[in-house]
Amino acid sequence: MNYIPPRRSDGTTEHTRIKQQWPKDRPFRILSLDGGGIRGLFGAAYLAEIERKYLGGESIANYFDMVAGTSTGGIIALGLATGKSAAEISKIYSERGEFIFPDPKFGTGLWHRVRSFFRPKHQSSNLRDELLRVFGHEVLDSSTCRAVVPCFEGTHGEPFIYKTPHHPDYKKDRHKALVDIALHTSAAPSYMSAVYSHGHLMLDGGIWANNPIMNALVDALACYDVPRENIRILSIGTGEETVTLAKRHFEGGKLAWGLSSTVPLLFRLSARAQNKNALGQAYLLAGKPNILRVDLDERDEHMGLDDVRRAKKELPSMARSQAEANGILVKQMFLETPADPYVRCPV
């Protein structure tokens, strides 16, 4: 544990990448999935409904050139990138959510609330067991679609992005276990402990990129000779809480900003701002008509990252309603022709 690894950025290629060819008239289609804990059930169920209605149950990943995901979105993205259908992935949430985020046993609720001030609320070993069941010992190099998964590295305090070897500069991650990547991107502070990985301490990518749309868009534009107007993006959220600031926030201290709470207002405000900023930047670069954003309505009382009971009760029906409302548009924008086979860059 005394070993201090080099910074991830020390080995990063920080020059303009040599762009790979891309068919001039072929759109580059990106699927981007936000973080949000158990609320990932919405995105998985929505995509599963699209698969059922328009693809005969075939994995929707076959129609995208890149998938990106943060935290719970990263788990979904990795599943899709390795050939699984959204219907299969949604079972992680609908069938095993209570195991990943168990309710306190009867009579221990107060003790768990007090304990959460000093230790993570849930055990990451539960999530690891489920991820092992889904991914086994597969590595990122087994992906059949390009993938981009943001994390945060706590030892040096900097962004950390896992990427498939879809460009010659991307050599580091191809042999990384999918289970480890999924654990790293979903280690939400206060909910799960940081994950130790060869000297690095890995944390949830939602710290800086809960909406990974720009990570994917910039990567596509940097790696491929594709006009930005030929980019098409399906961006799926997990809902936002309405954040209202009062006079006490503008003039107050730590107590006013709720820095002692489990999910302080400052963090929620930052996550909201990052999401809005990322979407705004993507609209400017790719053009708003080329981006379809699918999300839950804002609400005053937001659903917790681990509120399994409420998620299972509300989100599947919301996903079906959204698919009914915009499924035809999804079909027209993304599902007319399958994506070209993804070819890994040689070592």
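Residues numbered from 1 in each chain as written. Predicted model: local features only at pLDDT ≥ 70, side-chain atom pairs only at ≥ 80, totals over all residues. Heavy atoms only, no water.

The name an unreviewed UniProt entry assigns to the protein chain is Patatin, from the organism Ciceribacter naphthalenivorans.

Moving on, we get to the overall build of the protein chain. For the protein chain, the count of helices and strands is 11 helices and eight strands. Radius of gyration (C-alpha) of the protein chain: 20 Å, near the 20 Å computed for a compact globule of 347 residues. Along the first, second and third principal axes, the C-alpha set of the protein chain runs to 60 × 50 × 45 Å. Counting over 347 residues, the protein chain shows a buried share of 50%. (Helix = DSSP H or I, 4+ residues; strand = E, 2+ residues; numbered from the N terminus. Rg over C-alpha atoms; globule rule 2.2 N^0.38 Å. Buried < 20%, exposed > 50% of the residue type's maximum accessible area, 1.4 Å probe, protein only.)

Turning next to the layout of surface pockets. A water-sized probe rolled over the atoms picks out the places where empty space is left. Reported here for the largest pocket is a volume of approximately 990 Å³. If you trace the largest pocket, you find 49 residues lining it, with Gly-36, Arg-39, Tyr-191, Phe-267 and Leu-305 closest to the centre. Broken down by secondary-structure element, the contributors of at least two residues to the lining of the largest pocket are helix H2 (72-81), helix H3 (86-100), helix H5 (124-135), helix H7 (206-209) and helix H10 (265-286). With six residues, H10 is the single largest residue contributor to the lining of the largest pocket. Split into classes, the residues belonging to the lining of the largest pocket amount to 20 nonpolar, 17 polar and 12 charged. (1 Å grid on protein atoms, 1.4 Å probe; cavity = no way out; pocket = protein on both sides within 12 Å on 5 of 7 lines; lining within 4 Å. Points joined across faces, edges and corners; volume = space filled by probe spheres on them. Nonpolar A, V, L, I, M, F, W, Y, C, P; charged D, E, K, R; others polar.)

Between two cysteines, a covalent bond joining their sulfur atoms is known as a disulfide. Counted by the stated rule, this structure contains zero disulfides. Cys-223 provides the cysteine sulfur closest to Cys-145, a residue in no disulfide bond, and the two sulfurs are 14 Å apart. Overall, the relative accessible area of 3% leaves Cys-145 in the buried class. With no disulfide of its own, Cys-151 has Cys-145 as its nearest cysteine by sulfur position, at a separation of 18 Å. (Disulfide = S-S within 2.5 Å.)

Let us now look at the pattern of salt bridges. Pairs may arise between side chains of opposite charge once their charged atoms sit close together. Taken as a whole and judged by the stated rule, the model has 22 salt bridges. For the salt bridge of Glu-324 with Lys-53, the shortest nitrogen-to-oxygen distance reads 3.2 Å. Taken together, the residues Glu-324 in helix H11 (residues 308-334) and Lys-53 in helix H1 (residues 40-54) connect sequence positions 271 residues apart. A salt bridge links Arg-344 to Asp-141, with the shortest nitrogen-to-oxygen separation between them at 3.5 Å. Remark: Asp-141 occurs in the loop between H5 and strand E3 (146-153) and Arg-344 occurs in the segment after H11; sequence separation between them is 203 residues. If you follow the salt bridges from partner to partner, you end up with Asp-34, Arg-293 and Asp-295 in one network. (Salt bridge = Lys/Arg side-chain N within 4 Å of Asp/Glu carboxyl O.)

Turning to the pairing of strand E7 (residues 231-236), a few remarks are in order. Of all the six residues making up E7, five are buried; the element is thus mostly covered by neighbouring parts of the structure. The pairing of strand E1 (residues 28-33) with E7 spans six bridges and is classified as parallel. Residue pairing for E7: Leu-31 is matched across the bridge by Leu-234. As paired strands, E7 and strand E8 (residues 291-294) are joined by four bridges and run parallel to one another. Bridge assignment links Leu-234 to a residue of E8, and that residue is Leu-292. (Pairing = 2+ DSSP bridges.)

It is worth spelling out the side chain of Lys-163 at this point. With respect to the element layout, Lys-163 can be found in strand E4 (residues 158-163). A polar contact is formed between the side chain of Lys-163 and the side chain of Tyr-170, at a distance of 3.2 Å. Among residues more than four places away in sequence, those in contact with Lys-163 are Leu-140, Ala-147, Val-148, Tyr-170, Asp-173 and Asp-219. (Polar contact = N/O pair within 3.5 Å; in protein donor to acceptor, adjacent residues only side chain to side chain. Contact = heavy atoms within 4.5 Å.)

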